[in-house]
Amino acid sequence: MQQVKVAVVGAGVVGLSTAVLVAETLPQCSVCVLADRFTPDTTSDVAAGILSPGRFPDIPIEQQKRWFKRTFDHFLAIADSSEAAEAGVLLSSGWQIFQEVPSEEKPYWSDCVLSFRTMTNTELKRFPQYKFGYAYTTIKCECLTYLPWLQKRLKKAGGILTRERVTDLTELGLRYNVVVNCSGLGAQALVRDEDVHPIRGQVLMVHAPWLKHFVRVAGGQTYIYPGTHAVTLGGTRQVNDWRLEADAGEREAILERCQHLEPSLGAASHLAEKVGLRPGRRNLRLEREYVRVQGRQVPVVHNYGHGSWGITLSWGTALDALDLVQQCLNERPPPARL
Ligand SMILES: Cc1cc2nc3c(=O)[nH]c(=O)nc-3n(C[C@H](O)[C@H](O)[C@H](O)COP(=O)(O)OP(=O)(O)OC[C@H]3O[C@@H](n4cnc5c(N)ncnc54)[C@H](O)[C@@H]3O)c2cc1C
Ligand SMILES: O=C(O)CCC(=O)C(=O)O
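Along each chain, residue indices are assigned from 1 in the same order as the chain's sequence is written. Starting at A for chains and at 1 for ligands, labels are handed out in the order in which the entities are written. Where local features are concerned, this predicted model is filtered to residues with pLDDT of at least 70; where side-chain atom pairs are given and counted, the filter is 80 or more; whole-chain, interface and lining totals use all residues. Derived side-chain values reflect all non-hydrogen atoms in the structure, with water molecules and hydrogen atoms excluded from consideration.

Colleague: Where do I start with the packing of helix H1 (residues 13–25) against helix H9 (residues 314–330) in this structure?
Modeller: A packed helix pair is summarised by two numbers, namely the angle formed by the two axes and the spacing between the axes. Look at H1 against H9: their axes get within 8 Å of each other, and the N-to-C directions meet at 50°. Viewed along their axes, H1 and H9 adopt a mutual orientation that is oblique. Here the hand of the crossing between H1 and H9 comes out right-handed. Residues Val13, Ser17, Thr18, Val20, Leu21, Val22 and Thr25 of H1 form the contact with H9, whose participating residues are Ser314, Trp315, Ala318, Leu319, Ala321, Leu322, Val325 and Gln326. Amino acid classes used here: Ala, Val, Leu, Ile, Met, Phe, Trp, Tyr, Cys and Pro are nonpolar; Asp, Glu, Lys and Arg are charged; the rest, including Gly, are polar. The residue makeup of the contact of H1 with H9, split by class, is 10 nonpolar, 5 polar and no charged. Axis definition: a line fitted to C-alpha atoms, over the contacting stretch in the case of helices. Angles run 0 to 180 degrees between N-to-C directions. Helix numbers and strand numbers start at the N terminus; a helix is a DSSP run of H or I with at least 4 residues, a strand a run of E with at least 2. We call two directions roughly parallel when the angle between them is under 35 degrees, roughly antiparallel when it is over 145, roughly perpendicular when it lies between 65 and 115, and oblique otherwise. Take the far helix as the reference: if the near one is turned anticlockwise from it by less than a right angle, the crossing is left-handed, and if turned clockwise, right-handed. Residue contacts are counted whenever heavy atoms from the two residues lie within 4.5 Å of one another.

Colleague: Please clarify how the state of the cysteines should be interpreted in this entry.
Modeller: By definition, a disulfide links two cysteine residues through a covalent bond between their sulfur atoms. By definition, disulfides here are pairs of cysteine sulfur atoms that lie within 2.5 Å. On inspection of all chains with the given rule, the structure shows 0 disulfides. Note on Cys143: no disulfide assigned, nearest cysteine sulfur contributed by Cys141 at a separation of 4.4 Å. Using a 1.4 Å probe on the protein chains alone, a residue whose accessible area is under 20% of its type maximum counts as buried, one over 50% counts as exposed, and one in between counts as partly exposed. Residue Cys143 is classed as buried on the basis of its relative accessible area, which comes to 3%.

Colleague: What is the right way to read the pairing of strand E10 (residues 223–226) from this model?
Modeller: In the case of a regular strand, side chains alternate between the two sheet surfaces. Residues Tyr223 and Tyr225 point to one face of E10 and Ile224 and Pro226 to the other, with burial holding for every one of them. By the convention used here, strands pair only if DSSP detects at least 2 bridges between them. Where strand E9 (residues 214–217) lies against E10, 2 bridges are found, and the strand directions are antiparallel. Its bridge partner lying in E10, Arg216 is registered against Tyr223. Between E9 and E10, which pair antiparallel one after the other, the connecting turn spans 5 residues, and Gly219 there sits at a positive phi close to 100°.

Colleague: Please clarify how the packing of aromatic side chains should be interpreted in this entry.
Modeller: Centre distance and the angle of the planes are the two values used to describe a pair of aromatic rings. Aromatic pairing here means that ring centres of Phe, Tyr or Trp (its six-membered ring) are within 6.5 Å. Orientation follows from the plane angle: under 30 degrees is stacked, over 60 is edge-to-face, and everything else is tilted. A complete count under the given rule lists 16 aromatic pairs for this structure. Aromatic side chains Phe98 and Tyr134 sit 4.9 Å apart centroid to centroid with 70° between the ring planes, which places their arrangement in the edge-to-face category. In this pair, Phe98 is assigned in strand E3 (residues 89–98) and Tyr134 in strand E5 (residues 132–141), connecting sequence segments 36 residues apart. Its relative accessible area of 3% is what places Tyr134 among the buried residues. A ring pair is formed by Trp109 and Phe116, whose centres lie 5.9 Å apart and whose planes are at 90°; its orientation type is edge-to-face.

Colleague: Looking at this structure, I do not really get the environment of Val217. What am I missing?
Modeller: Examined against the element boundaries, Val217 turns out to sit in strand E9. In this structure, the C-alpha to C-alpha distance between Val217 and Tyr130, residues 87 residues apart in sequence, is 9.1 Å. Look past the residues within four positions of Val217 in its chain and what remains in contact with it is Ile97, Tyr130, Thr222 and Leu261.

Colleague: Sorry, what's going on with the side chain of Thr71 here?
Modeller: Structurally, Thr71 can be placed in helix H2 (residues 61–79). Pairs of N or O atoms within 3.5 Å make up the polar contacts considered here, provided that, within protein, one atom can donate a hydrogen while the other can accept it, and that residues adjacent in sequence are counted only when both atoms are side-chain atoms. Polar contacts involving the side chain of Thr71 include one to the main-chain amide nitrogen of Gly316, which spans 2.8 Å. Those residues in contact with Thr71 that lie beyond four places of it in its chain are Leu51, Ile311, Thr312, Leu313, Ser314, Trp315 and Gly316.

Colleague: Please explain H2 as it appears in this structure.
Modeller: Along an α-helix, residues three or four positions apart point the same way, because every turn accommodates 3.6 residues. Expected span, for any helix, means 1.5 Å times one less than how many residues it has. Here H2 spans 26 Å end to end across 19 residues, near enough to the 27 Å set by a 1.5 Å rise per residue. The set of residues buried in H2 consists of Gln64, Trp67, Phe68, Thr71, Phe72, His74, Phe75, Leu76, Ile78 and Ala79.

Colleague: Whenever I open this one, the site of ligand 1 confuses me. Can you help?
Modeller: Proximity is defined per residue: any heavy atom of the residue falling within 4 Å of a molecule or strand makes that residue near it. Surrounding ligand 1, one finds 36 residues, the nearest of these being Asp36, Arg37, Ser44, Gly307 and Thr312. Between ligand 1 and Gly307 there is a distance of 2.6 Å, counted from an oxygen atom to a backbone nitrogen or oxygen. Ile311 is positioned with one of its backbone polar atoms (N or O) 3.0 Å from an oxygen atom of ligand 1. Taken by itself ligand 1 offers 1000 Å² of open surface, and the protein chains cover 97% of this. Note that accessible areas follow from Shrake-Rupley with a 1.4 Å probe, and for residues the cover is restricted to the protein chains shown.

Colleague: Looking at this model, I keep getting lost on the sheet that holds strand E15 (residues 296–304). Mind explaining?
Modeller: Two modes of strand pairing occur in sheets, parallel and antiparallel, and in both the strands are linked by backbone hydrogen bonds. The sheet built from 6 strands is open, its strands ordered E6-E2-E1-E7-E15-E14 with mixed pairing. A single partner strand is all that each edge strand has here, and the edge strands are strand E6 (160–163) and strand E14 (285–293). Pairwise comparison of adjacent strand axes, ignoring direction, gives a mean angle of 25° for this sheet. Across 3 bridges, the pairing between strand E7 (residues 178–181) and E15 is parallel. Note on E15: the bridge partner recorded for Asn181 is His302. Strands in contact with H9 are strand E1 (4–9), strand E2 (29–35), E7, E14 and E15; relative to E14, the strand with the most contacts, it is inclined by about 30°.

That's the geometry; what it means functionally is another story.
Written out as structure tokens, the structure is:
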């Protein structure tokens, strides 16, 4: 059987998840991931990696919930398996706290995570300035471990990885039968999508092995996420800020806010500081189109613009991208217009 050549642009969590699913599900496809940055140098490697859903304003909430649920179940299966440590996936329990009681006492994702409940008064006493909170168990996916694990899984399924900066998707159409665009923030230049913009985030990694529970202030401006080797302290969300260097003032502000919630952090030693540019977009883009390449119509599947929720929605959106690739293979392309 003739192989269908599929190019996936992007080797962050979105590109690798999509590439693995296509390579493992569609044996007629040969998959090549093309990217100018690989782990440990992608935005995904900067992420705290907590599964913590948000809300895209114009996408039906049932669809966002479906993406999250499918991602959560994928990671839960890994967390429950002997692969968990090698994949960098672990259960993470903790509290999300609110200064004011939110309008919805239960968020839409409450039945996707484990053991969701509202916090008791005894628990809330730990955070005197907060009136309300959720307690639940979610998942932490550490991309510095998970991305190499996905790369290994992709290679096992016959996929390959190539370092290449792509400047023109139509040029890729000369070499591949299907193109999948998972370029994150890179989509701004690659497909001239002006809706895509950076949302800068700075985090601090500290050594505080006595901390086991996460604490997140609603809105996600301040968080403490214990992990395998370090505790991630955050954060910042600066829209249209392209600076990649760490800012000393922001480091102090993050530390102060986190220490206010967890005074024992005063005894933590600092390990590292990281900055990443989230691929902001009003709504993430998950759709297909055809681009004309020398009289042929080449299918392009877009899967980018995950903002603060790239790990949280990675597997669910990759499953939908896989469906779109499958549709492209089963359909006759529209006639090329002259
Ligand atoms: C401080 C911080 C904390 C975060 N914490 C969390 C969290 O706890 N949970 C969560 O769900 N999300 C979190 N996020 C968000 C998350 O990191 C992103 O949503 C996610 O990384 C997006 O994944 P991606 O694969 O789309 O993009 P990326 O990881 O940026 O990957 C994009 C890929 O495309 C490639 N590329 C782009 N353009 C081109 C081109 N022209 N040619 C070739 N290759 C190209 C890049 O080289 C790269 O390989 C956080 C982000 C930051 C900054
Ligand atoms: O918001 C969170 O709780 C996790 C961190 C995150 O997603 C982010 O900083 O983008």
